[in-house]
Amino acid sequence: MIGDIFTMALETMKSYKIRTFLTLIGVIIGVASVIMVTTAGNSVSTFIAEQWNLFNPTGMVIGLGTGGDVPQLSIRSVVFTTNDVENIKRLPSIKNVAPIGVVPVNKILRRDGFLNWQSRPGETMYASTEAILEILNMELEEGTMFQEGKNEVVISKNVAEVFGSDQPLNVGDTIYLRRVDGKTLEAKIVGILKQSSSYSMFNTLTTPGIICPEKPYYSSYFGSNAGSILKRVVAYTILLAEAADTKSVLEAQNEILSYLEGTGSDASQYKDENSDFVVITQQYILDRVEKIMNVIRTYITAIALISLLIGGVGIANIMFATVTERTREIGTMMAVGAKRRDILQLFLYQSMVIGLLGGLAGCVLGASGSWFVVDLLNNSIKNLGGAFSTGEIQLTYAPEWFLIASIVGILIGVAAGVLPARKAAKMDPVEALRWE
Amino acid sequence: MPEYVIEIDSLTKIYKTGKTDFKALNNVDLRIRKRDFVAIMGPSGSGKSTLMNIIGCLDRPTSGTVVIDGENISTVNDNQLAIIRGRKIGFIFQKFNLMPSMNAVKNVALPMVFLGGSKAERDQRAFDLLEKVGLTNWATHLPSELSGGQQQRIAIARALINTPAIILADEPTGNLDTKTGEQIMELLVALNREGKTILLVTHAIALKRFANRVVNMLDGEVTEET
């Protein structure tokens, strides 16, 4: 009998095709928008998380700033000495440490014939050690790493093409680097870095154009400016470190902080009283990004759920109209033996089917709509140009939201149908039969 | 088998309209035998609709007892009342009251849906009844495609499908022209001859002649015409 009433419900819906269709649309759009929003959110956050992959997963940056729950790094003064680098490297949970000494370069020069010089604006140049490659996820495409104390540099793919891709810089070429203090230093290119696979738009800090040995590029510059204060001790503003494995990241962080804050470190003597030592791990960065993305995602999903709710209100509205319009039919059904439960089921099934069909159709529409949304986002990313243009958002579905959206669709169908169906079932047959 | 198919004793029905009570039926006693063809006559407001609603198990008495085919309907709940209604009463309405979205067979079979039973059985029985009312060729048509007389025949077939003890016809010719009305009345007479108990509620004096018993109603009270 339940099957018969279900069939009756379906047949009624068939005879009100346009009405059923319009009600369906409300649910379809609601479910589809939830799916599109969650899929777009998922895809974008995967993309952004990739953009924030500054270091390898065990990587961290050590500097000065303000500590606390939300540490802030501020590049202020040079406090970390070579001594500190060596000591941190020896901490039990640390695998590797690389200093970063910024060498301000405002010109890159190339000799093109006897008296002919070509000049290009400067690039980010870091004095560091070989360890920087591993910590920043970089690899040499060709050549070798520089040797400490020699006029050798490693350059990025981009820098290799500053003079034009038709006349790239090659391993073995010599360039001249004009520092902001006016000194020009010869540099032999010994290696070229591989173009990073996921070119990040946030990692200007971690994608240097030129990497050079501390001697002669950094220490000579450093000595000329700040030597009197620091007694010609070479010191850096930032250190990069790498934990032994992903499990020991937190330990490594604590070991570094306790070393630096202790009296044994040079940095503790050089730092000013108002700043704290700060260690920011890759994990922390990703956590922060994820938190921000979650806030945005929750907000947009809530909006999408509202549209699903509106779909539900649409069902309720139409069902109420249908019940009122069919009052006499309901009276007749009661007269020929329909129980209140039969009438209740008849109308509940209708709203349930609308919820279910709307949910399923919404999933299909949402899945294909997501594809367009992501495509649209990718197009606008390309149009932005610059670092953005190399990134691409991958369509990443959130399968749980397909389930949630269809279940919510059905639930809303039932919930929206309950009141109208109860209204129908509670009718007084005498009154209902008299209805005009 | 009880001698009477309807036994009504001191039936009173009071409607509460705002602060004043309206006594629609006042201490009515009525007994109807099996195979009776009773015309219940009276002007509007006389209480004949109320009486019909109570006999049809659509409404309950305020006081008194009403026994329909052995079932005392004064004491049952809504659910039981619906079941009694479906089994024992066949309704025929002035405006036919067919389901506009169902074809003739489905309309005829509708009362059986609420009692259970297989679809094949229902359809077979509905088809047989359509044959009985002469509408075999219209089995798959929607009510909107049929004339008033044809629609009322479908309604009669529907009233018969659960082999009820009583056929309740409420102004069955009210929406039909005289000739078609006559045909419908002939059909009811034929059913009566086959052994159906028929209650005809009408204010059309012309229909009196089809009945073998006439009950007049006025101001909620019953007087038998002999």
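Attention here is on the structure that accompanies the text. (Residues numbered from 1 in each chain as written. Chains lettered and ligands numbered in written order. Predicted model: local features only at pLDDT ≥ 70, side-chain atom pairs only at ≥ 80, totals over all residues. Heavy atoms only, no water.)

### Some remarks on the overall build of chain A
Here comes step 1: Check the secondary structure of chain A and you find 13 helices and 15 strands.
Here comes step 2: Since a compact globule built from 436 residues should have a radius of gyration of about 22 Å, the 34 Å found for chain A marks it as more spread out than a globular shape.
Here comes step 3: With the C-alpha coordinates aligned to their principal axes, the bounding extent of chain A is approximately 105 × 55 × 30 Å.
Here comes step 4: Put simply, of all contacts in chain A between residues at least 6 apart along the chain, 80% involve residues at least 24 apart.
Here comes step 5: Counting every atom, chain A has about 20400 Å² of accessible surface; 60% of that belongs to carbon and sulfur.
Here comes step 6: A distance of 6 Å separates the average location of the 36 positive side-chain charges in chain A from that of its 41 negative side-chain charges. (Helix = DSSP H or I, 4+ residues; strand = E, 2+ residues; numbered from the N terminus. Rg over C-alpha atoms; globule rule 2.2 N^0.38 Å. Contact = heavy atoms within 4.5 Å. Areas by Shrake-Rupley, 256 points an atom, 1.4 Å probe, with all protein chains shown as cover. Lys, Arg positive; Asp, Glu negative; His and termini not counted. Charge placed at Lys NZ, Arg CZ, Asp CG, Glu CD.)

### Considering the layout of surface pockets
Here comes step 1: Empty space within the largest pocket amounts to approximately 700 Å³.
Here comes step 2: The wall of the largest pocket is formed by 28 residues, among which A:Arg434, B:Ser49, B:Met52, B:Asn53 and B:Asp170 lie closest to the centre.
Here comes step 3: The set of elements that each furnish at least two residues to the lining of the largest pocket consists of α13 (429–434) of chain A together with β1 (4–17), β2 (20–33) and α1 (48–55) of chain B.
Here comes step 4: Considering every element that reaches the lining of the largest pocket, the biggest residue donor is α1(B), with 5 residues.
Here comes step 5: Taken together, the residues of the lining of the largest pocket break down into 10 nonpolar, 11 polar and 7 charged. (1 Å grid on protein atoms, 1.4 Å probe; cavity = no way out; pocket = protein on both sides within 12 Å on 5 of 7 lines; lining within 4 Å. Points joined across faces, edges and corners; volume = space filled by probe spheres on them. Nonpolar A, V, L, I, M, F, W, Y, C, P; charged D, E, K, R; others polar.)

### Side note on the packing of helix α3 (residues 82–89) of chain A against helix α7 (residues 249–261) of chain A
Residue and element names in this part refer to chain A.
Here comes step 1: Relative orientation of the contacting elements α3 and α7 amounts to 140°, with a least axis distance of 10 Å. Accordingly, the angle class assigned to the pair α3 and α7 is oblique. Read as a crossing pair, α3 and α7 show a hand that is right-handed. Residue-level contacts link Asn83, Asp84, Asn87 and Ile88 of α3 to Ile256, Tyr259 and Leu260 of α7. (Axes fitted to C-alpha atoms, helices over the stretch in contact; angles between N-to-C directions. Parallel < 35°, antiparallel > 145°, perpendicular 65-115°, else oblique. Left-handed = near helix turned anticlockwise from the far one by under 90°.)

### A closer look at the sheet that holds strand β5 (residues 71–72) of chain B
All names here are of chain B.
Here comes step 1: Read across the open sheet, the 4 strands follow the order β2-β1-β4-β5; overall the sheet is antiparallel. Among the strands making up the open sheet, the edge pair consists of β2 and β5.
Here comes step 2: The sheet contact formed by strand β4 (residues 63–68) and β5 spans 2 bridges and is antiparallel. Directly across from Ile68, in β5, lies its bridge partner Glu71. (Pairing = 2+ DSSP bridges.)

### Side note on the pairing of strand β8 (residues 197–202) of chain B
Residues and elements named next belong to chain B.
Here comes step 1: Burial runs high along β8: 6 of the 6 residues are buried.
Here comes step 2: Residues of β8 alternate between two faces, with Thr197, Leu199 and Val201 on one and Ile198, Leu200 and Thr202 on the opposite face, all of them buried.
Here comes step 3: Where strand β3 (residues 37–41) lies against β8, 5 bridges are found, and the strand directions are parallel. Following the sheet pairing, Ile40 is matched in β8 by Val201. (Buried < 20%, exposed > 50% of the residue type's maximum accessible area, 1.4 Å probe, protein only.)

### Comments concerning the nonpolar core
Here comes step 1: The biggest cluster of nonpolar side chains holds 46 residues, and the ones touching the most others in it are A:Ile62, A:Ile88, A:Val153, A:Ile155, A:Leu177, A:Ile256 and A:Leu260.
Here comes step 2: With 6 residues, α7(A) is the largest single contributor of residues to this core.
Here comes step 3: Ranked by size, the runner-up nonpolar core spans 44 residues in total, among them A:Ile5, A:Ile35, A:Ile330 and B:Leu110. (Core = buried A, V, L, I, M, F, W, Y, C linked by side-chain atoms within 4.5 Å.)

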